[in-house]
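Observations on the three-dimensional arrangement
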Amino acid sequence: EESGLIRAYRALLEARTLGLNLMAFIQISMDRHTPERFANFERHVAACPEILECHLITGQDADYLLKVIVADMDAFQSLLLERITRIDGVTGVHSSFVMKSPVNKTALPIL
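Residues numbered from 1 in each chain as written. Predicted model: local features only at pLDDT ≥ 70, side-chain atom pairs only at ≥ 80, totals over all residues. Heavy atoms only, no water.

Here we come to the overall build of the chain. Scanning the chain from N- to C-terminus turns up two helices and four strands. For the chain, the α and β elements follow one another from N to C terminus as β-α-β-β-α-β. Referenced to the eigenvectors of the C-alpha coordinate spread, the extents of the chain come out at roughly 40 × 35 × 25 Å. Counting all 111 residues of the chain, 26% fall into the buried class. Across the chain, every contact between residues at least 6 apart in sequence was considered, and the portion connecting residues at least 24 apart equals 66%. As displayed, the chain offers around 8,400 Å² of accessible surface, 54% of which is attributable to carbon and sulfur atoms. Both charge centroids of the chain, one from 11 positive and one from 14 negative side chains, sit 3 Å from each other. (Helix = DSSP H or I, 4+ residues; strand = E, 2+ residues; numbered from the N terminus. Buried < 20%, exposed > 50% of the residue type's maximum accessible area, 1.4 Å probe, protein only. Contact = heavy atoms within 4.5 Å. Areas by Shrake-Rupley, 256 points an atom, 1.4 Å probe, with all protein chains shown as cover. Lys, Arg positive; Asp, Glu negative; His and termini not counted. Charge placed at Lys NZ, Arg CZ, Asp CG, Glu CD.)

Further remarks concern a nonpolar patch on the surface. A contiguous nonpolar surface patch, about 380 Å² in accessible area, is contributed by L5, I6 and Y9. For Y9, the location among the structural elements is in the segment before β1 (22–30). For Y9, a relative accessible area of 63% gives the class exposed. (Patch = residues over 30% accessible without salt bridge, like charges linked within 9 Å, V, L, I, M, F, W, Y side chains within 5 Å. Salt bridge = Lys/Arg side-chain N within 4 Å of Asp/Glu carboxyl O.)

What follows deals with the side chain of K67. One can find K67 in strand β3 (residues 64–70). Since its relative accessible area comes to 15%, K67 is described here as buried. Here K67 is in contact with M23, A24, F25, E50, I51, L52 and E53, once residues within four sequence places are set aside.

Following this line, the structure appears as structure tokens:
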């Protein structure tokens, strides 16, 4: 802990028991690639508890990849249309829904 190798301790909760039954990945395209536009987007998505991860990516048509979890399709629609697409600069979204997660690790590959 003192060396900084251990950042935090967490409990892994069972999403379905909490009523969180729908996981999706959303690719986000932005209109401008400026530090201010990216900072604004990142600030907004950080405030959404349904967004588990946000990654600035390369090699795709998208700029960001979000991992989200919600109760159902109605909750997903609300998150997408009332919050994510209303963020200044968002010009495109592409959603993929998770059907199964055969590998879902939290441990890092310490060799």
